[in-house]
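Each chain, letter by letter, is given below.
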Amino acid sequence: YLYQNSIYRQNLSQFKTAKAQYKSYQTLTSQTEAIKKAKEVLISRNNTLRAYFLLLEETIAISLPQGMLEKDDYQQRLEKERKFLEEKNSLLEAAATTNDLTDLSQDIEKKLLDYKILSQQITGLVLLNKAQVSDEKVASAAASVRGGALMEVKNQQSNDVLERWL
């Protein structure tokens, strides 16, 4: 994810430069370069999102127990969105005009809020599961300590009885 994000930031910087040159010179060469850089930045944005979704999938796989309904649902949703982004990347490669690029970019931008919500839901579920696991561990440790303390009291009582008899 961090690698893809780094590539995206680099491509975004190059796109901004190419866009500024196109606005300054208004030549066919500068327009072609700006379109090329726009494709690169949009593809790298999609790749960053795909990498983030893979990261979320791995987090779900590691952090949530098998058979959890939400786990399967979120994994399917993430896979569906990754495939959607892959399809958009294919279309971006074939795009020839700024209008094509704008339309394809808007398709992704319409889903960004949904992506943020999905990410927050998954993060919340993972944190809730970790809190439940921690709570169970604390309860188990507390029961173990109580059991040990009770055994110590019983042992002390047994020792007191033995000392009285001796």
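A brief structural summary. (Residues numbered from 1 in each chain as written. Predicted model: local features only at pLDDT ≥ 70, side-chain atom pairs only at ≥ 80, totals over all residues. Heavy atoms only, no water.)

## Comments concerning the overall build of the protein chain
So, step 1. The helix and strand inventory of the protein chain stands at 5 helices and 0 strands.
So, step 2. In the protein chain, the succession of α and β elements from N to C terminus is α-α-α-α-α.
So, step 3. Here the protein chain holds 166 residues, and 30% of them are scored as buried.
So, step 4. The contacts of the protein chain with a sequence gap of at least 6 include a subset with a gap of at least 24, amounting to 71%. (Helix = DSSP H or I, 4+ residues; strand = E, 2+ residues; numbered from the N terminus. Buried < 20%, exposed > 50% of the residue type's maximum accessible area, 1.4 Å probe, protein only. Contact = heavy atoms within 4.5 Å.)

## Thoughts on the pattern of salt bridges
So, step 1. All told, the structure shown has 8 salt bridges when counted by the stated rule.
So, step 2. In this structure, the salt-bridge partner of Glu57 is Arg82, at a minimum N-O distance of 2.6 Å. In this pair, Glu57 sits in helix H2 (residues 28–63) while Arg82 sits in helix H3 (residues 69–94), placing the two residues 25 residues apart along the sequence. With respect to burial, Glu57 and Arg82 carry one shared label: buried.
So, step 3. For the salt bridge of Lys111 with Glu81, the shortest nitrogen-to-oxygen distance reads 2.9 Å. Of this pair, Lys111 sits in the loop between helix H4 (98–109) and helix H5 (112–165) while Glu81 is found in helix H3, placing the two residues 30 residues apart along the sequence.
So, step 4. In this structure, a network of salt bridges that share partners links the residues Glu33, Lys37 and Glu40. (Salt bridge = Lys/Arg side-chain N within 4 Å of Asp/Glu carboxyl O.)

## Points about the packing of H2 against H4
So, step 1. It is the contact of H2 with H4, at a shortest axis distance of 10 Å, that shows an interaxial angle of 15 degrees. In terms of orientation, H2 lies roughly parallel with respect to H4. Along this stretch, H2 crosses H4, giving a crossing that reads as left-handed. Between H2 and H4, the contacting residues are Ile35, Ala38, Lys39, Leu42, Arg45, Asn46 and Leu49 on the first element and Thr98, Leu101, Ser105, Ile108 and Glu109 on the second.
So, step 2. Here the contact of H2 with H4 is composed, by residue class, of 6 nonpolar, 3 polar and 3 charged. (Axes fitted to C-alpha atoms, helices over the stretch in contact; angles between N-to-C directions. Parallel < 35°, antiparallel > 145°, perpendicular 65-115°, else oblique. Left-handed = near helix turned anticlockwise from the far one by under 90°. Nonpolar A, V, L, I, M, F, W, Y, C, P; charged D, E, K, R; others polar.)

## Here's the deal with helix H1 (residues 2–25)
So, step 1. With 24 residues, H1 should cover 34 Å at 1.5 Å per step; its first-to-last C-alpha distance of 35 Å lies within 8% of that length.
So, step 2. Every buried residue of H1 is accounted for by Asn5, Asn11, Phe15 and Ala18.
So, step 3. Packed against the buried residues of H1 are H2.
So, step 4. One or two residues past the end of H1 sits Gln26, with phi positive at roughly 55 degrees. (Expected span 1.5 Å × (residues − 1).)

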